[in-house]
Amino acid sequence: MILNEKRAVVHMDMDTFFVSVERLRDSRLASRPLIIGGTGGRGVVASCSYETRTFGVRSGMPMKLARRLCPAATIISGDHERY
């Protein structure tokens, strides 16, 4: 089978996508350290703002460590249906 259609591959860095969505919903979150992720005892960071990254917070890290690194961050569990 020969495909005549051109195909494109797109790579997107969506690491701060959840943060962007939350900031569109609430402009008071702009320029503030923001973490999106699980808030339970075993929660992880799904996304974090660039302001939060300056404290060493990264996606995939345990929320417990993220809270210790940046205690002033606003933490939101997120709305996956909206994303």
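What you are looking at is a predicted structure, and each value in this text was computed from that prediction instead of being measured.

So, how was this worked out
- Residues numbered from 1 in each chain as written.
- Predicted model: local features only at pLDDT ≥ 70, side-chain atom pairs only at ≥ 80, totals over all residues.
- Heavy atoms only, no water.
- Phe/Tyr/Trp six-rings, centres within 6.5 Å; stacked < 30°, edge-to-face > 60°.
- Helix = DSSP H or I, 4+ residues; strand = E, 2+ residues; numbered from the N terminus.
- Buried < 20%, exposed > 50% of the residue type's maximum accessible area, 1.4 Å probe, protein only.
- Arc of directions from axis to C-beta.
- Contact = heavy atoms within 4.5 Å.
- Salt bridge = Lys/Arg side-chain N within 4 Å of Asp/Glu carboxyl O.
- Core = buried A, V, L, I, M, F, W, Y, C linked by side-chain atoms within 4.5 Å.

Engineer: Would you mind showing me how to read the packing of aromatic side chains here?
Structural biologist: Two aromatic rings are characterised by how far apart their centres lie and by the angle between their planes. Going through the model one piece at a time under the given rule, you end up with two aromatic pairs. Ring geometry for Phe 18 versus Tyr 83: centroids 4.3 Å apart, planes at 15°, classification stacked. Separated by 65 residues along the polypeptide, Phe 18 in helix 1 (residues 17-25) and Tyr 83 in the segment after strand 3 (74-76) bring together distant segments of the chain. The partly exposed category is assigned to Phe 18, whose relative accessible area is 21%.

Engineer: Before we go on, may I ask you to explain helix 1 in this structure?
Structural biologist: Since one α-helical turn is 3.6 residues long, residues separated by three or four positions face the same way. Listing the buried residues of helix 1 in full gives Val 19, Val 21 and Glu 22. When helix 1 is viewed along its axis, its buried side chains cluster within an angular range of 160° and face the same direction. Looking at the packing, one finds that the buried side of helix 1 touches strand 1 (34-37), strand 2 (45-48) and strand 3.

Engineer: Which parts of the structure should I look at to understand the pattern of salt bridges?
Structural biologist: Where charged atoms of side chains with opposite charge meet at close range, the side chains can pair. Under the definition given, this model contains five salt bridges. A salt bridge links Arg 25 to Glu 22; the nearest nitrogen and oxygen atoms lie 3.5 Å apart. Placement of both Arg 25 and Glu 22 in helix 1 is noted, with a separation of three residues, approximately one turn of the helix. We note a salt bridge from Asp 79 to Arg 25, for which the minimum N-O separation is 3.7 Å. One end of the pair, Asp 79, is in the segment after strand 3; the other, Arg 25, is in helix 1, with 54 residues separating them in the sequence. Taking relative accessible area as the criterion, Asp 79 reaches 25% and is therefore assigned partly exposed. For Arg 25, a relative accessible area of 45% puts it in the partly exposed group.

Engineer: Where do I start with the side chain of Ser 47 in this structure?
Structural biologist: Mapped onto the fold, Ser 47 is located in strand 2. The buried category is assigned to Ser 47, whose relative accessible area is 0%. Once residues within four sequence positions are removed from consideration, Ser 47 is found in contact with Asp 15, Thr 16, Phe 17, Phe 18, Val 19, Leu 34, Ile 35, Ile 36 and Ser 59.

Engineer: For this particular structure, what's the right way to read the nonpolar core?
Structural biologist: One broad rule of soluble globular proteins: the nonpolar side chains tend to lie buried together. Formed by Ile 35, Val 45, Cys 48, Val 57, Met 61, Met 63, Ala 66, Cys 70 and Ala 73, the largest nonpolar core amounts to nine residues. For Val 45, the residues in contact, after removing those within four places along its chain, are Ile 35, Ile 36, Val 57, Arg 58, Ser 59, Gly 60, Met 61, Met 63 and Ala 66.

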